[in-house]
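In case you want the letters, here they are:
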Amino acid sequence: MEPHHLPLAPQAWITHLPTAQVTHAQGPLQGLRFAAKDNIDVAGLPTTAACPAFAYTPPQSATVVQKLLDAGAALQGKTNLDQFACGLNGTRSPYGAVPNAFHPHYVSGGSSSGSAYVVATGQVDFALGTDTAGSGRVPAGLNNIVGLKPSKGLISAHGVVPAAQSVDCVSIFARTVGVAAQVLQIALGSPPSWGTTFRFGVPAPLNFYGDAQAEAAFQQAVAQLQALGGTPVTIDYTPLKQAADLLYDSALVAERYAAIRAFFDAHETAVMEPVRSIIARGRQYSAADVVAAQTRLRALGQQAQRMWQQIDVLLVPTAPTHYTIAQMQADPVTRNRNLGEYTNFVNLLDYAALSVPSSLRPDGLPFGITLIGPCASDLALLALGQRLHHATDLPQGATGLPLPAPVELPGWHTGDWVDVAVVGAPLTAARVVARSTFEQILARPTPQDVVQAVAGQAGANGQLDGSVFHVVRQGVVIKVAVDRVAAADGLVCLALDHPVSGILDVVQVRSIATDHLVGAPCPAQRVLARAALEQIVARR
């Protein structure tokens with residue numbers, strides 16, 4: 001295709017800086033320009049969430065923005081979005097509908113519409129979005145760019161206006177997987193990848209809403225993954241679909257209302273339709289309704305968990321079809337829901353996801369696929385996603401520029417790992433630590449210097465006399481309060497005094513690496529990654 005010659009849509013920006021903001025001239029992201037979705041704080045610039053009446057000017061930047069600035073990236077401005085990040089189409093903003101980068105009559109996808117558009121049109125090298133139900137993936141798929149939806153909690157959401165806080169993620173848009181991985185490494189810290197052969201799930205049944213070109217493009221993507229060494233495995237999509245439906249058709253929608261309750265109750269008419277009606281529905285549910293919905297979600301998550309015994313990664317269309325702006329505005333609720341057919345369940349079930357360009361359809365519109373993996377499979381998804389993206393021979397976004405050579409992706413610790421499961425009860429509970437259990441831990445056949453377990457007040461005989469436990473990894477000491485310690489089937493079980501909240505957390509941590517803790521399977525903000533470990537070490 002030719003380089004992007006369409007007039008640029010100014011409504012993609014809410015705040016466009018005439019000169020890019022640079023706070024550090026040197027760093028690993030030096031020379032890269034980026035934009036932040038306008039529900040992410042940048043010090044001194046208004047945060048609107050696409051609602052002028054809501055706007056405020058934060059004194060400090062969101063944690064992720066500051067990390068990128070400190071690494072030398074240059075901030076170009078803040079981008080448009082579906083109001084309060086409520087939508088998957090990019091038309092729900094008083095600042096204007098953001099068009100598709102390839103055809104101005106079609107939707108850009110949302111809610112991170114502006115971020116995807118400015119990346120696809122070459123105005124910035126990467127952009128931050130958010131993803132609650134697919135907002136970091138649908139716009140990527142509709143604009144021929146990469147959209148990384150990290151595991152929940154992997155990137156700090158401090159300084160981000162919540163949409164549904166328990167499932168919100170900061171996402172990354174880029175024209176190549178390599179740049180997305182580079183940004184992720186700066187934004188955080190980082191498990192292993194799959195080999196040259198892998199099993200990928202293909203949902204059944206699939207619904208493309210009558211779009212034959214999208215259906216054919218997805219079958220082409222299946223063939224591309226097979227050519228890369230993948231074996232397709234048909235999986236039952238029913239529990240994933242039922243989990244997705246809970247997002248807006250159950251009491252879980254109350255979290256949308258709770259996120260902006262004080263503002264919404266005082267300024268309801270300042271919120272545009274259909275966002276207003278969606279958020280207002282959250283008022284009608286009771287606490288018991290929310291508990292019932294959460295219980296139902298956990299049951300569906302347990303059903304869906306079985307599929308990971310059959311597959312390494314799940315393949316889905318990023319969006320099942322592509323609507324014009326006029327079509328979306330004619331039926332904004334139903335068609336927006338259709339765009340989220342294969343995205344809404346991901347955050348609810350705590351999976352990681354990467355949207356990758358797959359092909360250009362015969363009508364010239366982009367088609368993207370999403371690779372989905374268990375929590376903390378982010379780098380494995382990036383490795384496979386880069387192989388797939390570069391096999392397509394597609395251009396970068398709508399710029400017409402060819403893809404650069406694949407890059408060596410940042411990796412996590414590749415040496416010996418030890419599995420650690422972390423469980424707990426309130427700190428006031430009795431500390432029960434049996435000497436026999438401690439001996440089992442010490443007797444585990446782990447590589448030398450991978451993990452040494454030492455009691456806080458243990459004598460030479462190795463008895464545990466206190467309630468403090470140290471994990472020593474190549475000179476780094478992590479001191480944690482102990483509720484109980486057990487070892488069974490190769491797992492060391494500890495109870496942690498959470499480094500951020502200060503309360504005992506019920507979490508699972510997969511591995512202790514050289515300098516950080518990584519969590520999998522997750523729940524949410526319970527991943528103890530490098531930044532959290534640095535806090536632990538600093539506190540002790």
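Calculation notes
Residues numbered from 1 in each chain as written. Predicted model: local features only at pLDDT ≥ 70, side-chain atom pairs only at ≥ 80, totals over all residues. Heavy atoms only, no water. Buried < 20%, exposed > 50% of the residue type's maximum accessible area, 1.4 Å probe, protein only. Helix = DSSP H or I, 4+ residues; strand = E, 2+ residues; numbered from the N terminus. Pairing = 2+ DSSP bridges. Axes fitted to C-alpha atoms, helices over the stretch in contact; angles between N-to-C directions. Parallel < 35°, antiparallel > 145°, perpendicular 65-115°, else oblique. Contact = heavy atoms within 4.5 Å. Nonpolar A, V, L, I, M, F, W, Y, C, P; charged D, E, K, R; others polar. Left-handed = near helix turned anticlockwise from the far one by under 90°. Phe/Tyr/Trp six-rings, centres within 6.5 Å; stacked < 30°, edge-to-face > 60°. 1 Å grid on protein atoms, 1.4 Å probe; cavity = no way out; pocket = protein on both sides within 12 Å on 5 of 7 lines; lining within 4 Å. Points joined across faces, edges and corners; volume = space filled by probe spheres on them.

Enquirer: Just give me the short version of the pairing of strand S5 (residues 146–149), but keep the residues and values in it.
Expert: What you see with S5 is no split at all: Val146 and Leu148 on one side and Gly147 and Lys149 on the other are buried throughout. Examined bridge by bridge, S5 and strand S6 (residues 169–174) share three bridges and lie antiparallel to one another. In the sheet register, Leu148 faces S6, and the bridge partner there is Ile172. Relative to strand S10 (residues 352–360), S5 is paired through three bridges, and the arrangement is antiparallel. In the strand pairing of S10, Gly147 is matched with Ser355.

Enquirer: Summarise the packing of helix H1 (residues 63–70) against helix H4 (residues 177–187); cite the residues concerned and give the values.
Expert: Where H1 meets H4, the closest approach of the two axes is 9 Å, and the angle between their N-to-C directions is 110 degrees. By the criterion of interaxial angle, the relationship of H1 to H4 is roughly perpendicular. Of the residues in H4, those touching H1 at Val64, Lys67 and Leu68 are Val183, Ile186 and Ala187. A class-by-class count of the residues in the contact of H1 with H4 yields five nonpolar, no polar and one charged.

Enquirer: Could you give me a rundown of the sheet that holds S5, with the residues and numbers involved?
Expert: Across the sheet, eleven strands lie side by side as S1-S3-S2-S4-S6-S5-S10-S11-S9-S7-S8; this open sheet has mixed pairing. With partners counted over all chains shown, the strands left at the sheet margins are strand S1 (13–21) and strand S8 (230–236), one partner each. Adjacent strand axes in the sheet meet at a mean angle of 25 degrees when their direction is disregarded. Here S10 runs beside strand S11 (residues 366–373); their pairing, made up of eight bridges, is antiparallel. Across the sheet, the residue bridging to Ser355 is Thr370, located in S11.

Enquirer: Kindly report on the environment of Phe367, identifying the contributing residues and their values.
Expert: By the secondary structure assignment, Phe367 is in strand S11. Given the relative accessible area of 4%, Phe367 is considered buried. For the pair Phe367 and Ala217, spaced 150 residues apart in the sequence, the C-alpha separation amounts to 6.9 Å.

Enquirer: Please give an account of the packing of helix H6 (residues 238–249) against helix H10 (residues 287–305) that cites residues and values.
Expert: To characterise two packed helices, one gives the angle between the axes of the helices and the distance between these axes. Close contact between H6 and H10 brings their axes to 9 Å; oriented N to C, the two are set at 155 degrees. If you check the angle between H6 and H10, you find them roughly antiparallel. Judged by the sense of rotation from one axis to the other, the crossing of H6 with H10 is left-handed. Across from Pro239, Leu240, Gln242, Ala243 and Leu246 in H6, the residues of H10 making contact are Ala293, Arg296, Leu297, Leu300, Gln303 and Ala304. Per-class residue counts for the contact of H6 with H10 are eight nonpolar, two polar and one charged.

Enquirer: Give a detailed account of the side chain of Arg137, specifying residues and quantitative values.
Expert: Along the chain, the position of Arg137 falls in the loop between strand S4 (126–131) and helix H3 (138–142). Discounting chain neighbours no more than four positions away, the residues touching Arg137 are Asp131, Gly147, Lys149, Thr318, Tyr342, Thr343, Val346, Asn347, Ala353, Ser355 and Thr370.

Enquirer: Outline the packing of aromatic side chains, supporting the account with residue identities and numerical values.
Expert: On inspection of all chains with the given rule, the structure shows twelve aromatic pairs. Summarising the aromatic geometry, the rings of Phe54 and Tyr56 are spaced 5.9 Å apart at their centres and angled 80 degrees between planes, so their arrangement reads as edge-to-face. With a centroid separation of 6.3 Å and 45 degrees between ring planes, the pair formed by Phe198 and Phe200 is classed as tilted. In this pair, the class of Phe198 matches that of Phe200, namely buried. These aromatic residues form a ring-pair network of at least three members: Tyr237, Trp308, Tyr342, Phe345 and Tyr351.

Enquirer: Explain empty space enclosed by the protein to me, and be specific about the residues and the numbers.
Expert: Its volume calculated, the second largest cavity comes out at about 50 Å³. Lining the second largest cavity are Gly141, Leu142, Ala214, Thr318, Ala319, Pro320, Thr321, His322, Arg361, Pro366, Phe367 and Gly368. Mapped by element, the contributors of at least two residues to the lining of the second largest cavity are H3 and S11. No other element matches the three residues that S11 contributes to the lining of the second largest cavity. Class assignment for the residues of the lining of the second largest cavity results in six nonpolar, five polar and one charged.

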